[in-house]
Amino acid sequence: MAQMHKHYDEDELELLPPEKVAEDESGHRDAKAARKAGKVRDKFWSVMKKAARQIPIMEDVVAGYYCAFDAKTPFKVRLTLIGALAYFVMPIDFIPDVILGVGFGDDLAILAAALKTVHAHITPEHRLHAKQALSEHDIHVER
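Residues numbered from 1 in each chain as written. Predicted model: local features only at pLDDT ≥ 70, side-chain atom pairs only at ≥ 80, totals over all residues. Heavy atoms only, no water.

### Considerations on the overall build of the chain
For clarity, the threshold we go by: For the purposes of this entry, the term helix denotes a DSSP run of H or I that reaches at least four residues, the term strand denotes a run of E that reaches at least two, and both are numbered from the N terminus. Categorising residues by exposure relies on relative accessible area from a 1.4 Å probe, with only protein chains included: less than 20% of the type maximum marks a residue as buried, more than 50% marks it as exposed, and the intermediate range marks it as partly exposed. Contact criterion: two residues are considered in contact whenever any of their non-hydrogen atoms come within 4.5 Å of each other. We get accessible surface area from the Shrake-Rupley algorithm with a probe of 1.4 Å; when it comes to residues, only the shown protein chains can shield them.
From N to C terminus, the chain includes seven helices and zero strands. The N-to-C order of helical and strand elements in the chain reads α-α-α-α-α-α-α. Residues classed as buried in the chain amount to 47% of the 143 residues present. Put simply, of all contacts in the chain between residues at least 6 apart along the chain, 69% involve residues at least 24 apart. Summed over its atoms, the accessible surface of the chain is roughly 7,900 Å², and 58% of this surface lies on carbon and sulfur atoms.

### A short note on the pattern of salt bridges
Operational definition: Counted as salt bridges are all cases of a side-chain nitrogen of Lys or Arg within 4 Å of a carboxyl oxygen of Asp or Glu.
On inspection of all chains with the given rule, the structure shows five salt bridges. For E23, the salt bridge goes to K20, with nearest N and O atoms at 3.3 Å. According to the relative accessible area criterion, K20 is partly exposed, its value standing at 35%. Measuring nitrogen to oxygen at the nearest pair gives 2.7 Å for the salt bridge that ties R29 to E23. Overall, R29 belongs to the partly exposed group, its relative accessible area being 40%. The structure contains a network of salt bridges with shared partners spanning K20, E23 and R29.

### Structural notes on helix α5 (residues 75-89)
Note the threshold: Multiplying one less than the number of residues by 1.5 Å gives the expected span of a helix.
The terminal C-alpha atoms of α5 lie 21 Å apart, and with 15 residues this matches the ideal 21 Å at 1.5 Å per residue to within 8%. Contact partners of the buried residues in α5: α2 (18-21), α3 (31-51), α4 (58-68) and α6 (105-118).

### Things to note about helix α7 (residues 124-136)
So the rule is basically this: This arc describes the spread of directions from the helix axis toward the C-beta atoms.
Spanning 13 residues, α7 covers 18 Å between terminal C-alpha atoms, matching the ideal 18 Å at 1.5 Å per step. Considered for burial, the residues of α7 that qualify are H126, H129, A130, A133 and L134. Projection of α7 onto a plane perpendicular to its axis shows the buried side chains occupying an angular sector of 135°, all on one side. Across from the buried face of α7, at angles greater than 90 degrees, the exposed residues are P124 and S135. A positive backbone phi angle near 55° is found at D138, which sits one or two residues after α7.

### Describing the packing of aromatic side chains
Two aromatic rings, taken as a pair, are described by how far apart their centres are and by the angle between their planes. Put simply, the rule reads: Aromatic pairs are defined between Phe, Tyr and Trp rings, using the six-membered ring for Trp, whenever the two ring centres lie within 6.5 Å; interplanar angles under 30 degrees are classed as stacked, those over 60 as edge-to-face, and all others as tilted. A ring is considered to have a charge above it if a Lys NZ or an Arg CZ atom is located within 6 Å of its centre and within 35 degrees of its normal.
Taken as a whole, this structure holds six aromatic pairs when the rule is applied. With a centroid separation of 5.1 Å and an interplanar angle of 50°, the aromatic rings of Y65 and F69 are classed as tilted. The same class applies to Y65 and to F69, which are both buried. In this structure an aromatic cluster arises from ring pairing among F44, W45, Y65, Y66, F69 and F88. Over the ring of F69 we find R41; its NZ or CZ atom is 4.2 Å from the centre of that ring.

### Observations concerning a positive patch on the surface
Stated formally: A patch consists of residues whose relative accessible area exceeds 30% and which take part in no salt bridge; residues with like charges are grouped when within 9 Å of each other, and nonpolar side chains (Val, Leu, Ile, Met, Phe, Trp, Tyr) when within 5 Å. Charge convention: Lys and Arg are scored as positive, Asp and Glu as negative, and His as well as the terminal groups of each chain are ignored. To locate a charge, take atom NZ for lysine, CZ for arginine, CG for aspartate or CD for glutamate.
Residues K32, R35, K36, K39, K43 and K50 make up a contiguous surface patch of positive charge. In this structure, R35 sits in helix α3.

Read these as spatial facts, not as claims about activity.
Structure, rendered in structure tokens:
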């Protein structure tokens, strides 16, 4: 089972474990989405630290992370965000992330599209926790 990193504010937000993120209102669980959610949870912060200088919308991405794991977020919104975040944290994508300057370009496009699609569901609370988490992880974003 994937190691879970619990951050200071997860109890306040009532963040869901990966298997619950992929469960709809009727209790049906999407196993593939649950695996993606687990990978997002495991790799998110390490990838964030590598990408912080290359992705200008990091604060929005972290707010999206909190929205994706928030129990109050609708199922379809959670899946949209998990799909985009999984693409971001996975080592296999169209443009390898190790290529300085362009490696996170495809990730940025997918993240921006997902965040735009679900922006109404990202709350001020998600944004506040994103700012706090970035500070806690000593990740500085430029605006």
